[in-house]
Amino acid sequence: MDDSRYHTETVATQFDWRNVGVTDAGDVVSPIHLTTTHEMRAPGNVDHEYKYTRFGNPTRDALEVRLAQLSGAEHAITCASGTASIAATCLSIVESGDHVVAFDGIYGGTRLLFEELLVNSLGVTVEYVDATDTDAVDEAVTDETTLVWMESPTNPLLRLCDLSAIADITASVNATYVVDNTFATPYFQRPLDHGADIVVHSTTKYLNGHSDSMGGVVLTNSKSSAEDIAHTQSYNLGGTLAPFDSYLTLRGLRTFPLRMDRHETNAAKIATYLADHPATIRVNYPGLESHAQHNLAEQQMDGFGGIVSFELDATSAETRAVLEELDVFILAVSLGGTESLADHPATMSASYLTEEERTAAGISDSLIRIPVGIEHVDDLIADLETVLAKLINS
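Keep in mind it's a predicted model, so treat the numbers as computed, not measured.

Peer 1: So what about the overall build of the protein? Which residues, and what values?
Peer 2: If you tally the helices and strands in the protein, you get 14 helices and twelve strands. Taking 21 Å as the expected radius of gyration for a compact globule of 394 residues, we find that the protein reaches 21 Å, a close match to that expectation. The dimensions of the protein, computed from C-alpha atoms along their principal axes, are 75 × 50 × 35 Å. Within the protein, buried positions represent 54% of all 394 residues. Total accessible area on the protein stands at roughly 16600 Å², and carbon and sulfur atoms take up 47% of it. The protein carries 22 positive and 58 negative side-chain charges, and their two centres are separated by 8 Å.

Take a look at the structure:
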């Protein structure tokens, strides 16, 4: 069946049309195949495609087919976490002495992985550039560059890069172009359609959407890249996604489009509210006309996502006090679940960066990141209003 005939809402909701993982019972919901090994009819003779669950599992395969369909990809390789998907991708592409160009606004955990795994262990040179400026990427990329790593929007400042323009630059030197699309999700952005070679997601976030499963996925239209990455993660790293986590993510995908619509609607209203509030000095949300790259977001995205970050006109202690008094928002790291969270990057999600690194990345002590959930938006705004009013009156 031609999957391209159907809208995202249909692909996300219906069980797999290719019958991957389906049993003879006529399953409507993908069953959980928890077995770790599969029977052989004779030594070395497997009359089905499964042997050992690290190399293949029916539930995981069903999820990979669904994620590929949603992303407009030919191949999907799921991993045990978003970080595992990044590691498997990088180790399948770069070798000792290679040159990598990366957005200077990439997720801090990705940067840490680059520094400890690629730079310190493999001797790779990683050059970080302000990819909001396409010319800066063009100047950094050389004939020696093997990998260009982008993230758009970035975490936590919601900065964007021109996906198509950077694809042209990367192609000119035959480097591999990877985009971390976790914040945007395939519902709001499809980097493969803009020239990316590979896309990665932390499925822990919006794709699962319920804060109860950890995972990652690598998506590509290149068969050779898919085979290399699958081999690296299955045979070398062993970081495959567990069957139960695969099931939970498949379950989450059934409401994925509905959730994303609500996340965005709520986030847009909260961003507008915060932009007009006297307690804030800056609000980061691509849907605001005040966002420096709002026009680019309109061009390459189908929506603006569910994450807002903002800076308060406050000290670090005052900012932490605001967060501690929130009632509806939950003080926690991560994002993408149905619940609204509040994060103080300087002491939470980016705490492993040094103060100098946070300053260079634009992460101030008064910055707050709120992954907006699907609660009633009036309750969320009232929660913010209560604590921000106390800040102003203190």
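Peer 1: Can you lay out the side chain of asparagine 155 for me, pointing to particular residues and giving the numbers?
Peer 2: Tracing the backbone shows asparagine 155 in the loop between β4 (145-151) and α6 (163-172). Among the residues examined, asparagine 155 registers a relative accessible area of 12% and is labelled buried. Looking at asparagine 155, its side chain comes within polar contact range of the side chain of arginine 369, at 2.9 Å. Sequence-distant contacts of asparagine 155, that is, excluding residues within four places in its chain, are made with Gly105, Ile106, Tyr107, Phe183 and Arg369.

Peer 1: Any details on the pairing of strand β9 (residues 307-312)? Residues and values, ideally.
Peer 2: For β9, a buried count of six out of six residues is recorded, marking the element as mostly surrounded by other parts of the structure. In β9, alternate side chains face the same way, and those of Ile307, Ser309 and Glu311 on one face and Val308, Phe310 and Leu312 on the other are all buried. Strand direction decides the pairing type here: strand β8 (residues 280-284) and β9, joined by four bridges, are antiparallel. Directly across from threonine 280, in β9, lies its bridge partner leucine 312.

Peer 1: Before we move on, can you summarise the nonpolar core with the specific residues and values?
Peer 2: Counting residues in hydrophobic clusters, the biggest one holds 71 residues, and the most contacted among them are Phe114, Leu147, Val148, Trp149, Met150, Ile166 and Tyr177. Element by element, the count of residues in this core is highest for helix α3 (residues 82-93), at six residues. Membership of the second largest hydrophobic core comes to 27 residues, among which are Ala267, Tyr285, Ala342 and Leu380.

Peer 1: Lay out the state of the cysteines with the relevant residues and their values.
Peer 2: Enumeration according to the criterion identifies zero disulfides in this entry. Free cysteine cysteine 79: the closest other cysteine sulfur is in cysteine 90, separated by 11 Å. The cysteine cysteine 161 is free of any disulfide, with cysteine 90 supplying the nearest cysteine sulfur at 16 Å. Note on cysteine 161: relative accessible area 0%, which makes it buried.

Peer 1: Can you lay out unusual backbone geometry for me, pointing to particular residues and giving the numbers?
Peer 2: Of note, the amide linkage connecting serine 152 to proline 153 takes the cis form, showing an omega dihedral of -5°. Relative to the helices and strands, proline 153 resides in the loop between β4 and α6. With an omega of 10°, the peptide bond between asparagine 155 and proline 156 qualifies as cis. By the element assignment, proline 156 lies in the loop between β4 and α6. The phi dihedral of serine 211 is positive, around 55°, even though this residue is not glycine.

Calculation notes
Residues numbered from 1 in each chain as written. Predicted model: local features only at pLDDT ≥ 70, side-chain atom pairs only at ≥ 80, totals over all residues. Heavy atoms only, no water. Helix = DSSP H or I, 4+ residues; strand = E, 2+ residues; numbered from the N terminus. Rg over C-alpha atoms; globule rule 2.2 N^0.38 Å. Buried < 20%, exposed > 50% of the residue type's maximum accessible area, 1.4 Å probe, protein only. Areas by Shrake-Rupley, 256 points an atom, 1.4 Å probe, with all protein chains shown as cover. Lys, Arg positive; Asp, Glu negative; His and termini not counted. Charge placed at Lys NZ, Arg CZ, Asp CG, Glu CD. Polar contact = N/O pair within 3.5 Å; in protein donor to acceptor, adjacent residues only side chain to side chain. Contact = heavy atoms within 4.5 Å. Pairing = 2+ DSSP bridges. Core = buried A, V, L, I, M, F, W, Y, C linked by side-chain atoms within 4.5 Å. Disulfide = S-S within 2.5 Å.

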